[in-house]
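# Structural features, examined
Here is what each chain is made of, one letter per residue.
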Amino acid sequence: MNGSMSRRSILTAAAAGSAAVLLGTGHAQAATLVTQSEINSQPTFYEVNGAQTSFRYEPGFYSRLETWHVHWRNWTPYHWTAPHKIYSYGAYVNKPGMHGEGRAFDLARLLITNRDTGAMFTAFNGRYDQWRNLTGDALRTARIRYWGTVASLHYHFRHVISYLDNAEHHNHVHIDNAISGSGDSSFNTGSATQTYFVQAACQYIWGYSTGIDGDWGPQTQRDSSAALVRAGSDGVITTQSRWLAFCQASAKQAWALVP
């Protein structure tokens, strides 16, 4: 985070932002990008070789990343504290699409410090290719922490692509703001990617027997509405306010299960 911006100022800016549609050209002008070695003063690393690395971003997208990270920290357990290590496969890449505009980020892992012990541990592992064959409590913890962080990402970004979407995303979660722009996300029942998340959250975080197929239907609507009631809300998540409530509640519930 830039030194002049507080958590409060970032959150205020996020609340004021509109969900403008910013469909891009897929090509960034080099002069418009900013180079950053951190997100909210927490260093970024390249997942491929583990080296501390600077990435290039479109400034508005980078601001959204910082807003997400503030919320993520505020929603996680009290003993999860700085310093962090944020591992990624990259942001700007000279190719078509949102990476080509510096408006995408491939999140691989988040390491965080335990305030009580001073030890660093994996708070999020986007490497499904590494943990999918685990069993018992190790599998449960990795999966719940995965979907808790994905829930926090869905709150802020319209595009959040997980391992359920395709094999290309078995080692990272892709996020971009192609549609949500400078504002928070909204939900569309026609989005298989968003529906996958809702179904996974209902099953792995909220404990329902929700089928996971990417198709919105009566069971998914019933179970997600039941989760909302447990979170102190009601109704169907097709309104933005209920969608955001579902994302936030799912993140907090995940970290209550595996603090």
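This text goes with the structure placed above it.
So, a few notes on the structure that sits alongside this text. Within any chain, residue numbers begin from 1 and follow the written order of that chain's sequence. Predicted model: local features are reported for residues with pLDDT of at least 70 only, side-chain atom pairs are reported and counted for 80 or more only, and whole-chain, interface and lining totals are derived from all residues. The side-chain quantities take in all heavy atoms of the structure and omit both hydrogens and water.

### Observations regarding the overall build of the protein chain
Here is the rule: The helix and strand labels rest on DSSP assignments: H or I over at least four residues marks a helix, E over at least two residues marks a strand, and numbering proceeds from the N terminus. Partly exposed residues are those whose accessible area sits between 20% and 50% of the maximum for their type, while under 20% is buried and over 50% is exposed, using a 1.4 Å probe and protein chains only.
Within the protein chain one finds seven helices and nine strands. Counting over 259 residues, the protein chain shows a buried share of 51%.

### Some words on the packing of helix H5 (residues 192–205) against helix H6 (residues 218–230)
As a reminder, the rule being used: Axis definition: a line fitted to C-alpha atoms, limited for helices to the stretch in contact. Angles are taken between N-to-C directions and run from 0 to 180 degrees. With respect to orientation, any angle under 35 degrees is reported as roughly parallel, any angle over 145 as roughly antiparallel, any angle of 65 to 115 as roughly perpendicular, and every other angle as oblique. By convention, the crossing between two helices is left-handed when the near helix turns anticlockwise from the far helix through less than a right angle, and right-handed when the turn is clockwise. Note on contacts: a residue pair qualifies if any of its non-hydrogen atoms lie within 4.5 Å across the two residues.
The N-to-C vectors of H5 and H6 enclose an angle of 60 degrees; their axes lie 10 Å apart at closest approach. The orientation of H5 relative to H6 falls into the category oblique. Crossing of H5 against H6: the hand is left-handed. Residues Val198, Gln199 and Cys202 of H5 touch H6, and the partners they reach there are Thr220, Asp223 and Ser224.

### So, helix H2 (residues 59–75)
What counts is decided by this rule: For a helix, the expected span equals 1.5 Å multiplied by the residue count minus one. As used in this structure description, the phrase polar contact means that two N or O atoms lie within 3.5 Å; if the pair is within protein, one of them must be able to donate a hydrogen and the other to accept it, and residues adjacent in sequence are counted only when both atoms belong to side chains.
Spanning 17 residues, H2 covers 25 Å between terminal C-alpha atoms, matching the ideal 24 Å at 1.5 Å per step. In terms of burial, H2 is largely enclosed, as 13 of its 17 residues are buried. The residue sitting at the N-terminus of H2 and contributing the capping side-chain oxygen is Glu58; that oxygen lies 3.0 Å from the backbone nitrogen of Gly60.

### Observations regarding the packing of aromatic side chains
Selection criterion: Two rings from Phe, Tyr or Trp (for Trp, the six-membered ring) form a pair when their centres are within 6.5 Å of each other. A pair whose planes differ by under 30 degrees is stacked, one over 60 is edge-to-face, and the rest are tilted. Note on criteria: charge over ring means Lys NZ or Arg CZ within 6 Å of the ring centre, with the direction from the centre no more than 35 degrees off the ring normal.
For the structure on display, the rule yields 23 aromatic pairs. Joined through ring pairs, the aromatic side chains of Phe124, Tyr128, Trp131, Tyr146, Trp147 and Tyr163 make up one cluster. Between the NZ or CZ atom of Arg109 and the centre of the ring of Tyr87, over which it lies, the distance is 4.1 Å. Against the face of Tyr78 rests Arg115, its NZ or CZ located 4.4 Å from the ring centre.

### What about the pairing of strand E5 (residues 80–90)?
Within a regular beta strand, the side chains point alternately toward one face of the sheet and then the other, so they alternate between its two faces. Basically, it comes down to this: Note on pairing: two strands pair once DSSP finds at least 2 bridges between them.
As paired strands, strand E3 (residues 42–46) and E5 are joined by three bridges and run parallel to one another. Residue pairing for E5: Tyr46 is matched across the bridge by Ser88. The sheet contact formed by E5 and strand E6 (residues 104–114) spans eight bridges and is antiparallel. When the sheet's bridge partners are listed, Trp80 is paired in E6 with Asn114.

### Here's the deal with the pattern of salt bridges
For clarity, the threshold we go by: Put simply, a salt bridge is a Lys or Arg side-chain nitrogen that is within 4 Å of an Asp or Glu carboxyl oxygen.
The final tally for this structure, using the stated rule, is seven salt bridges. In this structure, the salt-bridge partner of Glu47 is Arg109, at a minimum N-O distance of 3.0 Å. Placement of the pair is Glu47 in the loop between E3 and strand E4 (55–57) and Arg109 in strand E6, with a sequence separation of 62 residues. Take Glu47 and Arg109: they sit in the same class, and that class is buried.

### Structural notes on the pairing of strand E7 (residues 120–125)
When E6 meets E7, the two strands line up antiparallel, connected through five bridges. Among the inter-strand pairings, Arg109 is bridged to a residue of E7, identified as Asn125. Counting the residues that bridge the hairpin from E6 to E7 gives five residues, and of these Gly118 lies at a positive phi of roughly 80 degrees.

### What about the packing of H2 against helix H4 (residues 136–156)?
One way to put it is that H2 packs onto H4 with a least axis distance of 10 Å and a crossing angle of 135 degrees. It follows from the interaxial angle that H2 and H4 lie oblique. Every pair of crossing elements has a handedness; the one defined by H2 and H4 is right-handed. Touching Arg64, Thr67, Trp68, His71, Trp72 and Trp75 of H2 are Thr149, Ser152, Leu153, Tyr155 and His156, all from H4.

### A look at unusual backbone geometry
Look at the link from Ala82 to Pro83: it is a cis peptide, with omega at 5 degrees. For Pro83, the location among the structural elements is in strand E5. Positive phi, close to 55 degrees, is recorded for Asn40, a residue that is not glycine. On the secondary structure map, Asn40 appears in the loop between strand E2 (38–39) and E3. Exposure remark for Asn40: the relative accessible area of 9% places this residue in the buried category. Positioned with a positive phi, Ser41 is a non-glycine residue whose angle comes to about 70 degrees. Topologically, Ser41 is positioned in the loop between E2 and E3.

All we've got here are geometric facts, nothing functional implied.
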